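Per-entry structural report
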Amino acid sequence: MRHIVLLLITLISIPLIAQDLTQTIKGTVLDKQGEYPLFGVNVLLLGSDEFVGTTTDLDGNFKLENVPIGRQALKLTYIGYQEAVLSNILVNSAKEVVLNITMEESVSELSEVVVSAKKDKHKSVNELASVSARTISIEEMSRFSGSTQDPARMAQSYAGVSGASDDRNDIIVRGNSPTGVLWRMEGIDIPSPNHFAALGTTGGPVGMLNINNLQNSDFLSSAFPAEYGNATAAVFDLKLRNGNTEKYEFLGQIGFNGFEVGLEGPISIGRNASVLANYRYSTLGVFHALGIQFGTGFAVPQYQDLTFKVNVPTEKAGRFTLWGLGGLSYIEFNADEVGEDNFFSDDSQNTRFASNTGVVSLSHLYFFNQNTSSNFTLAASGTQTLGKVEQLNDENVFEHVFGQDYRQIRYTANWKFNQKINAKNRLTAGVIYELHNINAVDSARQNNGTFIPDIDFDGNTSLIQAYTQWQHRFSDKLKLNVGLHGQYLTLNDAKSLEPRLGLEFEPNKRNTFSVGGGLHSQMQPVLIYFLEDEDASGNLSNQNLGFTRSTHAVAGWNHLLNENMRIKVEAYHQYLYDIAVDSFSSSFSMLNTGADFGFPDRLNLVNEGTGYNYGIELTLEKFFSQNYYFLFTTSLFDSKYKGSDGVSRNTLFNSNYVINALAGKEFAFNDKFSLTLDTKVTYSGGRRYTPIDLDESIVQGKEVLLRDETFEVQYDPYFRTDFKIGFRHNTKKFTQTFSIDLQNVTNNDNIFIQGFDPKDNQIETTYQRGFFPDVRYQILF
């Protein structure tokens, strides 16, 4: 801590530059429904002693120069459109601010239009989402304590969302399995964007997503619009920002998650073309190479990832976009590294686990006219998990005893059509084709030295989705979203037709009432379909499994106490059916999987399980203004399921309640120095578990569970407090930011799991992460 204080003193003591620091704010203004650029929009800097304003050009672009450093606000006006105000824009000295802004055409006649500033901070980026949707703010992601700049961990602060454990970023949304979450980036469904992820899962220990590349995106937790399919729990709809089109800018960052370098700037392919790229390498890997240990011994998680985007607009041929995301990760537990500094290795075994993920996409956006556009995308993504175990034999030699290589590749073609018919009506339609290829093999060494595979298959299947959405605005106060989504799985002719509905009513500036509902379905994890019968016939045991299905119904009320504070209440009910369960009587259900490093290899599953989730959520939020914010969320819910035995039970994820309280304050000493304080407190019901029959476990020498009490009991409630201190310093040439996030600052013991130890004949308890300081330094220039 003494070193941190010295660093802060050093930064503060840097001589101040005499002249005032300024920066440029620029961006693009688009029509919200038609997504075409608006020419002639008036853009005004608010709160300035002198007039600072401009208008957008033919491409909808604007540029404001010599904007003072600090928090700024813009007002945009355009004849026939609702006025827009963007407040608390953070302007620093080293990096230009680039904004993407949408404006909504008024339904009223021009002579009747009397508009006032609309901030709509509670609205999502996707205007077709009527309920259970929220914008993922990049500034909030970097500000919230405990989020580690990870979208999934940040979402755990929202109502209805909780984490499965501290060591992974799987999210539980309204009691649903993390498997039901859909990750989408730039309009393409992608595999789990996490290091050390397993096939079919949606979370992992370390996120690959880099917030320095993202722009404001959406998180949807129920009743999704028709464009989203193959998901039953939640949707992350992420957007990559474009690089600066006029100057080169650079980034350097170091934190517990990694060393990072980034660049962005113009390229000479075409007018306003740009490139953006960021590379990160694990901090622990670097420290390990230097001989510095952090309590993990020699078993150090090693990973690296790269994100890039190339944006090329043309005058007549439309806009071309190439982007990619890739990550490599592995960890080794070696026998010769056992010692006092390494608690994770076995002195008779070497183990290695690796995970690789990659996505690359090329898209073409073309406007047939001002109101009609088409976006066609081709993409390929892949996930690979590798495992290897070596065991010390009787001759004191390590021999290979187990190997695993699972690979899944997905090829995607996506076409989306959008037409703004008029100010009242918008039509969107699209088709998504995905070809899934999976290759999986694992084998174990037998006593005679041969390897017998437990899993060995190579297969393909295609998922075809189509959708249409229509939005009708009866007036500026009443909006209807109607859609239909269909999907078809070629492997077994499974099909689904899913109506979607959303209605928003805004009787005045302070109140919005909304309802939404629909049918949603999801294919099983691809690996499950290709598990083979044990009789060596090669028959696919689960080939005929249909989709998991869920009906969603939501009603909400959003009330603005003032322009910067709101109360939001949502009530929901979800009925899940056609759940994959055992063909014989048991408590197993796929609803309880997805929060680990793989899936159980259950055979002969059938779509005969059911489940339900219902609850109510409260959000009290003050958006960042006057240099502070707070967010209080409470979720009360119940999540139940029935396996093939027909018994109603709690799901694994039924913690019953989650309470979050977040707050933060920014102290701006001047335009060059500022200090931030942020905190988060979480209190929730404990994890569900099945009790251990200790007496029978001792008799059998292995763990025996009381299956009649599956998930009927809970560990103690989860409690965690995080506290973050940040410091920002602007100079003419660079901006530097330093922060330390003290996670679980009280070092509270939250139970993760309990298990039977046959050596001591007792139940051992494993706890979640204790006190953990996340230190981060960033420099922009």
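As a reminder, the structure under discussion sits directly above these lines.
The text that follows walks through the structure, step by step, so that each part is easy to find. Being a predicted model, the structure only gives us computed values, none of them experimental.

**Looking at the overall build of the protein**
Across its full length, the protein carries six helices and 43 strands. Over its C-alpha atoms the protein spans a radius of gyration of 27 Å, differing by no more than 12% from the 28 Å that the globule rule assigns to 781 residues. Of all intrachain contacts in the protein linking residues separated by at least 6 positions in sequence, the fraction that spans at least 24 positions is 64%. In the structure as shown, the protein presents an accessible area of about 32900 Å², 56% of it carried by carbon and sulfur atoms.

**Some thoughts on empty space enclosed by the protein**
Scanning the entire structure with this criterion turns up nine cavities of 30 Å³ or more. Estimates place the volume of the largest cavity at around 620 Å³. If you go around the largest cavity, you meet 37 residues; those closest to its centre are Thr-179, Gly-200, Thr-202, Gln-522 and Pro-525. When its residues are assigned to classes, the lining of the largest cavity shows 15 nonpolar, 20 polar and two charged. Space inside the second largest cavity adds up to approximately 500 Å³. Taken together, 33 residues line the second largest cavity, and the ones lying closest to its centre are Ser-162, Gly-163, Ala-164, Ser-684 and Tyr-718. Residue assignment for the lining of the second largest cavity shows that the elements contributing at least two residues are strand E9 (161-165), strand E35 (657-668), strand E36 (673-684) and strand E39 (718-730). At five residues, E9 tops the list of elements feeding residues into the lining of the second largest cavity. Residues of the lining of the second largest cavity, tallied by class, amount to 11 nonpolar, 14 polar and eight charged.

**Observations regarding the sheet that holds strand E1 (residues 22-31)**
As summarised here, the arrangement of the three strands in space is E4-E1-E7, forming an open sheet in which the pairing is mixed. Either end of the sheet is taken by a strand with one partner, and the two such strands are strand E4 (61-68) and strand E7 (97-103). Averaged over all pairs of adjacent strands, the angle between strand axes in this sheet comes to 25°, irrespective of strand direction. Note that E1 and E7 share seven bridges and pair parallel. Within E7, the position partnered with Leu-30 by the bridge is Thr-102.

**Quick look at the nonpolar core**
Counting 34 residues, the largest nonpolar core has Ile-171, Trp-183, Met-185, Phe-219, Phe-236, Leu-238 and Trp-323 as the members making the most contacts within it. Mapped by element, the contributors of at least two residues to this core are helix H2 (138-143), helix H3 (151-155), strand E10 (168-173), strand E11 (181-185), strand E15 (214-220), strand E16 (234-240), strand E21 (319-333) and strand E33 (628-642). The element contributing the most residues to this core is E16, with four residues. In this structure, Met-185 is in contact with Ile-190, Leu-209, Leu-214, Leu-238, Leu-240 and Trp-323, ignoring residues within four places of it in sequence. Counting residues in each nonpolar core, the second largest holds 25 residues, with Leu-489, Leu-531, Leu-545 and Met-590 among its members.

**Some points on the environment of Ser-348**
Structurally, Ser-348 is set in the loop between E21 and strand E22 (349-369). Overall, Ser-348 belongs to the partly exposed group, its relative accessible area being 21%. Sequence spacing of Ser-348 and Asp-638 is 290 residues, and the spatial spacing of their C-alpha atoms is 46 Å. Not counting residues within four places of it along the chain, the set of residues in contact with Ser-348 comprises Ala-335, Glu-390, Gln-391, Leu-392 and Phe-398.

**Digging into the side chain of Asp-166**
Relative to the helices and strands, Asp-166 is located in the loop between E9 and E10. In terms of polar contacts, Asp-166 uses its side chain to reach the side chain of Tyr-718, at 2.6 Å.

**A closer look at a negative patch on the surface**
On the surface, Asp-454, Glu-534, Asp-535 and Asp-601 cluster together into a patch of negative charge. Structurally, the position occupied by Asp-535 is in the loop between helix H5 (526-529) and strand E30 (548-562). Judged by relative accessible area, which is 54%, Asp-535 ranks as exposed.

**Remarks on the sheet that holds E16**
Where strands meet in a sheet, backbone hydrogen bonds hold them as pairs that are either parallel or antiparallel. With mixed pairing, five strands are arranged side by side in an open sheet as E8-E15-E16-E11-E12. Of all the strands in the sheet, the pair left with one neighbour each is strand E8 (133-136) and strand E12 (188-189).

**A few points about unusual backbone geometry**
Positive phi, close to 55°, is recorded for Asn-88, a residue that is not glycine. By the element assignment, Asn-88 lies in strand E6 (residues 84-91). Taking relative accessible area as the criterion, Asn-88 reaches 17% and is therefore assigned buried. Even without glycine at this site, Asn-627 takes up a positive phi of about 70°. Relative to the elements of secondary structure, Asn-627 occurs in the loop between strand E32 (606-625) and E33. Residue Asn-627 is classed as partly exposed on the basis of its relative accessible area of 27%.

**Looking at the pairing of strand E41 (residues 751-757)**
Across six bridges, the pairing between E41 and strand E42 (residues 762-767) is antiparallel. Across the sheet, residue Gln-754 finds its bridge partner in E42, namely Thr-765. Where E41 hands over to E42, the hairpin turn is made up of four residues, of which Asn-761 adopts a positive phi near 55°.

**Concerning the packing of aromatic side chains**
A complete count under the given rule lists 16 aromatic pairs for this structure. When the ring of Phe-250 is compared with that of Phe-781, the centres are 5.5 Å apart and the planes differ by 20°; the resulting orientation is stacked. Residue Phe-250 is located in strand E17 (residues 249-255), and its partner Phe-781 is located in the segment after strand E43 (772-780); the two are separated by 531 residues in the primary sequence. Using a relative accessible area of 44% as the deciding quantity, one classes Phe-781 as partly exposed. When the ring of Tyr-689 is compared with that of Tyr-715, the centres are 4.0 Å apart and the planes differ by 5°; the resulting orientation is stacked. With Tyr-689 in strand E37 (residues 688-689) and Tyr-715 in the loop between strand E38 (713-714) and E39, the pair connects residues that are 26 residues apart, well separated along the chain. For Arg-143, the ring lying beneath its charged end belongs to Tyr-629, and the centroid distance is 5.0 Å. Over the aromatic face of Phe-772 sits the side chain of Arg-769, whose NZ or CZ is 4.7 Å from the ring centroid.

**Some words on the pattern of salt bridges**
If you walk through the whole model with that rule in mind, you get 45 salt bridges. Among the ionic pairs, Glu-140 bridges to Arg-134, the shortest N-O distance being 3.6 Å. Looking at Glu-140, the relative accessible area reads 13%, which means it is buried. Several salt bridges converge on common partners, so that one network encompasses Lys-26, Lys-63, Glu-65, Glu-96 and Glu-246.

**Considerations on the pairing of E11**
The buried count for E11 comes to five of five residues, which makes it a mostly enclosed element. Side chains of E11 alternate between two faces, with Val-181, Trp-183 and Met-185 and Leu-182 and Arg-184 buried alike. The sheet contact formed by E11 and E16 spans five bridges and is parallel. Across the sheet, the residue bridging to Met-185 is Leu-238, located in E16. Across two bridges, the pairing between E11 and E12 is antiparallel. Of the residues in E12, the one forming a bridge with Arg-184 is Asp-189. Counted along the chain from E11 to the antiparallel partner E12, the turn is two residues long, and its residue Glu-186 has a positive phi close to 50°.

**What about the environment of Thr-551?**
Topologically, Thr-551 is positioned in strand E30. When the C-alpha atoms of Thr-551 and Leu-576 are compared, they prove to be 6.5 Å apart, with 25 residues separating the residues in sequence.

What counts and what doesn't
Residues numbered from 1 in each chain as written. Predicted model: local features only at pLDDT ≥ 70, side-chain atom pairs only at ≥ 80, totals over all residues. Heavy atoms only, no water. Helix = DSSP H or I, 4+ residues; strand = E, 2+ residues; numbered from the N terminus. Rg over C-alpha atoms; globule rule 2.2 N^0.38 Å. Contact = heavy atoms within 4.5 Å. Areas by Shrake-Rupley, 256 points an atom, 1.4 Å probe, with all protein chains shown as cover. 1 Å grid on protein atoms, 1.4 Å probe; cavity = no way out; pocket = protein on both sides within 12 Å on 5 of 7 lines; lining within 4 Å. Points joined across faces, edges and corners; volume = space filled by probe spheres on them. Nonpolar A, V, L, I, M, F, W, Y, C, P; charged D, E, K, R; others polar. Pairing = 2+ DSSP bridges. Axes fitted to C-alpha atoms, helices over the stretch in contact; angles between N-to-C directions. Core = buried A, V, L, I, M, F, W, Y, C linked by side-chain atoms within 4.5 Å. Buried < 20%, exposed > 50% of the residue type's maximum accessible area, 1.4 Å probe, protein only. Polar contact = N/O pair within 3.5 Å; in protein donor to acceptor, adjacent residues only side chain to side chain. Patch = residues over 30% accessible without salt bridge, like charges linked within 9 Å, V, L, I, M, F, W, Y side chains within 5 Å. Salt bridge = Lys/Arg side-chain N within 4 Å of Asp/Glu carboxyl O. Lys, Arg positive; Asp, Glu negative; His and termini not counted. Charge placed at Lys NZ, Arg CZ, Asp CG, Glu CD. Phe/Tyr/Trp six-rings, centres within 6.5 Å; stacked < 30°, edge-to-face > 60°. Lys NZ or Arg CZ within 6 Å of the ring centre and 35° of its normal.

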